[in-house]
Amino acid sequence: MSFNTIILLSLTFFFSLIYLSDIFPIIFYATLFKISATTKYFFIGIRNISLNWIYSCFILDIYKTPEIIVNIEEDYRISNDIKISFFVKNIKDEKSLYIFFNRIVITFILYLFALFYRFSIKSTFWFYIPLLFLVKTPSIIEDNSQKVGEFLSSLYETYLAKWRFILALVTLLGFIYSYFNYVDFMNLNIPFTQFLILFYIDISNFEIWRIFQLSIVLSTIFIFLGSNAIRVPKISNNLELKKDLKILIIFYLNIFRNWVSFFYFSSAFLYLFFYFDGINTMYLPMGIKSFLLTIYNFIMYKPFN
């Protein structure tokens with residue numbers, strides 16, 4: 001063991017002895033509060049995962065004071081003794097140099113853990129935003145006119161639904177452009193050839209993951225146009241919306257799109273994993289490699305070839 005290593009371990013042990021008595025109670029009670037709150041509000045927490053993720057990614061920044069309990073800093077009913085903001089404000093009033101330095105180190109450690117946690121949540125943006133973009137739609141619908149109207153409105157009237165529809169149209173045009181058989185189509189000498197465009201799309205090179213993508217695109221377009229066609233005439237004529245067969249078709253098609261979206265994005269990330277040669281890492285057990293290879297061969301399979 002080198003001299004530098006011995007010095008580093010000695011300093012670590014020294015500062016641990018000094019600050020453990022101050023930091024340990026904070027970490028202990030923070031963990032206790034977290035476990036208690038998670039257990040008590042477990043199902044509410046599950047239902048609000050997407051909202052909490054949006055808050056962490058797009059609203060919460062590095063200047064937000066770390067909180068043991070949500071919104072504890074703004075709640076005047078709670079004692080200031082357990083609020084980190086007041087703990088930090090009181091540092092400058094300390095007359096003892098030891099306590100002053102002690103509080104600075106504790107504050108740094110608490111904020112450091114909070115920042116790492118926030119950065120780790122924000123770093124998931126690239127992975128979850130596609131799922132949120134396509135899957136954040138209602139999964140339960142009640143049988144009354146207001147709830148049915150809100151359900152249909154969320155599928156075509158919101159900014160998210162409109163952007164989803166535009167993305168679906170662009171993707172569909174990309175499909176047609178990429179797989180369209182120009183040569184055979186241009187050699188047609190019959191009238192109304194424009195109605196035969198879809199018959200000249202070469203699907204022989206469609207992999208399973210592209211079928212997932214096309215299913216999402218077509219269902220998104222149908223859901224958007226169908227929701228608009230059902231709701232607008234009812235609202236215009238002051239008619240009551242009922243949970244009939246048309247609504248149920250839209251509802252279950254929306255669930256179908258959610259499931260296919262999950263499989264599609266899972267396939268996309270598995271494709272990237274193989275593309276960057278992650279399968280050859282030495283840390284993956286052979287059983288997992290074999291399983292991933294089987295799934296990869298499945299999503300790359302061309303059923304129409």
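Residues numbered from 1 in each chain as written. Predicted model: local features only at pLDDT ≥ 70, side-chain atom pairs only at ≥ 80, totals over all residues. Heavy atoms only, no water.

A. Structural view of the overall build of the chain. In terms of regular secondary structure, the chain is built from 12 helices and zero strands. Secondary structure elements in the chain, listed N-terminal to C-terminal, are α-α-α-α-α-α-α-α-α-α-α-α. Here the chain, with 305 residues, has 28% of them falling under the buried criterion. By sequence separation, contacts in the chain at least 24 residues apart represent 69% of the contacts at least 6 residues apart. Within the structure as shown, the chain displays about 21,500 Å² of accessible surface, and the carbon and sulfur contribution to it stands at 70%. (Helix = DSSP H or I, 4+ residues; strand = E, 2+ residues; numbered from the N terminus. Buried < 20%, exposed > 50% of the residue type's maximum accessible area, 1.4 Å probe, protein only. Contact = heavy atoms within 4.5 Å. Areas by Shrake-Rupley, 256 points an atom, 1.4 Å probe, with all protein chains shown as cover.)

B. Structural detail: helix H10 (residues 208-236). For H10, with 29 residues, the first-to-last C-alpha span of 42 Å sits near the 42 Å given by 1.5 Å per residue. Within two residues after H10, asparagine 238 carries a phi angle of roughly 55 degrees, on the positive side. (Expected span 1.5 Å × (residues − 1).)

C. Structural detail: helix H11 (residues 245-275). With 31 residues, H11 extends 44 Å between its outermost C-alpha atoms, agreeing within 8% with the 45 Å of an ideal straight helix rising 1.5 Å per residue. Downstream of H11 by one or two residues, aspartate 277 has phi in the positive range, about 60 degrees.

D. Focus on a nonpolar patch on the surface. Taken together, the side chains of Phe42, Phe43, Ile46 and Ile49 define a hydrophobic patch exposed on the protein surface, amounting to about 440 Å² of accessible area. Top contributing element to the nonpolar patch by residue count: helix H2 (residues 42-47), with three residues. By secondary structure assignment, the location of phenylalanine 43 is in helix H2. Accessibility expressed as a relative area gives 62% for phenylalanine 43, which makes it exposed. (Patch = residues over 30% accessible without salt bridge, like charges linked within 9 Å, V, L, I, M, F, W, Y side chains within 5 Å. Salt bridge = Lys/Arg side-chain N within 4 Å of Asp/Glu carboxyl O.)

E. Up close: the side chain of glutamate 207. Here glutamate 207 shows up in the loop between helix H9 (182-186) and H10. What makes glutamate 207 buried here is its relative accessible area of 12%. Apart from residues no more than four positions distant in its own chain, glutamate 207 is found in contact with Ile299, Met300, Tyr301 and Lys302.

F. The arrangement of the nonpolar core in detail. Formed by 14 residues in total, the largest nonpolar core has its most connected members in Phe212, Tyr264, Leu270, Phe274, Leu292, Tyr296 and Ile299. For this core, the element with the most residues is H11, which contributes six residues. The residues touching tyrosine 296, leaving out its near neighbours within four places in the chain, are Leu270, Tyr271 and Phe274. Among the nonpolar cores identified, the runner-up in size contains 12 residues, and Ile141, Phe151, Leu152 and Leu253 belong to it. (Core = buried A, V, L, I, M, F, W, Y, C linked by side-chain atoms within 4.5 Å.)

G. Local environment of the pattern of salt bridges. The tally for this structure, following the rule as stated, stands at two salt bridges. One salt bridge connects glutamate 157 with arginine 231, and the closest N-O pair in it is separated by 3.3 Å. Of this pair, glutamate 157 sits in the loop between helix H7 (145-156) and helix H8 (159-179) while arginine 231 sits in helix H10; the two residues are 74 residues apart in sequence, bridging distant segments of the chain. Looking at glutamate 157, the relative accessible area reads 38%, which means it is partly exposed. Under the relative-accessibility criterion, arginine 231 is labelled buried at 17%. When the shortest N-O distance is used, the salt bridge between arginine 210 and glutamate 207 registers 3.5 Å.

H. Summary view of the packing of H11 against helix H12 (residues 286-299). Running from N to C, H11 and H12 cross one another at 115 degrees; their axes reach a closest spacing of 10 Å. It follows that H11 is roughly perpendicular to H12 by the angle criterion. Considering the relative orientation of H11 and H12, their crossing is left-handed. Together, Ser267, Leu270, Tyr271, Phe273 and Phe274 of H11 and Leu292, Leu293, Ile295, Tyr296 and Ile299 of H12 make up the contact between the two elements. The class makeup of the residues in the contact of H11 with H12 is nine nonpolar, one polar and no charged. (Axes fitted to C-alpha atoms, helices over the stretch in contact; angles between N-to-C directions. Parallel < 35°, antiparallel > 145°, perpendicular 65-115°, else oblique. Left-handed = near helix turned anticlockwise from the far one by under 90°. Nonpolar A, V, L, I, M, F, W, Y, C, P; charged D, E, K, R; others polar.)

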